[in-house]
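If you want the building blocks of each chain, they are given just below.
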Amino acid sequence: MSGSRFAARGLVVAGLAALLSGCAVYDWVMPSKKVPLENFTASVTGRSVWNSRVDSIKFPLNVAVAGERIVVADSDGLVQALNASNGQSLWRGELKGKLSAAVGSDGRYAAAVTADNELVVLDAGKKLWSKTLSTPVKTAPLLAGERVFVLTVDRQVLAYDAIDGRKLWELRRPGEPLTLNQSGVIGAYKDTLVVGQGPRLAGVDPLNGQLRWEASVANPRGTNEVERLADLVGPLARSGDMLCARAFQVAVGCVNGERGTAIWSRNNSGQVGVSADGDLLLGADASDRITAWKTANGDVAWSADQLQGRKLSAPLLTARQAVFGDGEGYVHVLSRETGKTQARLETDGSAVVAAPRLVGELIIVVTAKGGVFGLKLN
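Residues numbered from 1 in each chain as written. Predicted model: local features only at pLDDT ≥ 70, side-chain atom pairs only at ≥ 80, totals over all residues. Heavy atoms only, no water.

### Observations concerning the pattern of salt bridges
Here comes step 1: Tallied over the full model, the rule gives 21 salt bridges.
Here comes step 2: Across the salt bridge formed by R53 and D348, the nearest N and O atoms sit 3.6 Å from each other. Residue R53 is located in strand β4 (residues 46-53), and its partner D348 is located in the loop between β33 (341-345) and β34 (357-359); the two are separated by 295 residues in the primary sequence.
Here comes step 3: The partly exposed category is assigned to R53, whose relative accessible area is 45%.
Here comes step 4: Close ionic contact of R200 with E214 constitutes a salt bridge, the shortest N to O distance being 3.3 Å. Here R200, found in strand β20 (residues 200-204), pairs with E214, found in strand β21 (residues 211-216); they are 14 residues apart in sequence, far enough to count as distant. (Salt bridge = Lys/Arg side-chain N within 4 Å of Asp/Glu carboxyl O. Helix = DSSP H or I, 4+ residues; strand = E, 2+ residues; numbered from the N terminus. Buried < 20%, exposed > 50% of the residue type's maximum accessible area, 1.4 Å probe, protein only.)

As structure tokens, then:
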């Protein structure tokens, strides 16, 4: 993407002189132009089984799923666990201060980071401990193996004991000149912690923070640091040994998590994460043109442009459908075989702010107004 084209799409420079640990941090805003909603004949029906509500959400929310429960949070510091089958509240925790990143959960513990850079861990809604961080966080913490893993905006990785908050290790690597002020990539593959480091996926030993492997998802090119900005953006998609991600404005690609080697990469500009299974990798580019690639080799299976400019969320790929939320609260259900629209469901008219999640037979959707919906397709 050229510098002029990039600027035309609304790059917001968040202080050229403001450096965080040697890295300047930038925000990026999607274009507002959108195509009208298409007319189509529905081939799938759907309904809202339940809905709940938190306060408004103005940060990059991750909907944590642990068994039959989900954990969500709002900007004012409410963290809440819900029964995914009926929306019933299981516990609530009130954090002091607005949130910048949430929520991570392993089913028992939940973690969030406040706008004042405080990492807070809850046990069934009760504050267990907190730690003040030196660098802001925009990525929901990961909880696994009674550890809390944090990825900061300058791509440091920090590990804490989930029970008592002891700092176990930190991983600091030579940083990129610029980093993106949005949710990055953190996840797990077997006994390896997987994190995004610029345009690369890195496999890290969760016990000691030692680097196990590193593989590039993209090879950014450009005449300046803005054009070469290619941070990996969440969510990370995993299918078997394949770990797939989007490099901001540059490409999508997959890495073999067992060997730590790049498998394929395809040029595709975009700012939100991807979803994948053993057959397809799904994502939307900067104009909201949707592409499905074959997971094994990166060949294009299909593309769809009926939702261009609608500010799509990261997708959900199910056994039968491809699901996206949009900037007006619609949930679009597409055929995973062809990309044709099968259904369109309404929520509360505000933007879908997190990747939809599948729990049992329900699709969980969360909106900017704080609406939490359990949707079922028939």
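### Section: the nonpolar core
Here comes step 1: Counting 31 residues, the largest nonpolar core has V63, I70, V71, V79, V103, I364 and V372 as its most contacted members.
Here comes step 2: Listed by contribution, the elements that provide at least two residues to this core are β6 (69-73), β7 (78-83), β9 (99-105), β10 (109-114), β11 (118-123) and β35 (362-366).
Here comes step 3: Once you skip the residues sitting within four places of it in the chain, V372 turns out to touch W50, N51, S52, I70, V72, L82, I364, V365 and V366.
Here comes step 4: Of all hydrophobic cores here, the second largest spans 16 residues; its members include Y189, V194, A215 and A247. (Core = buried A, V, L, I, M, F, W, Y, C linked by side-chain atoms within 4.5 Å. Contact = heavy atoms within 4.5 Å.)

### Quick look at the pairing of strand β12 (residues 126-132)
Here comes step 1: Pairing of β11 with β12 involves six bridges; the strand directions are antiparallel. Considered in β12, the bridge of D123 is made with K126.
Here comes step 2: Remark: two residues form the turn of the hairpin made by β11 and β12, two consecutive strands paired antiparallel; A124 in that turn has positive phi of roughly 55 degrees. (Pairing = 2+ DSSP bridges.)

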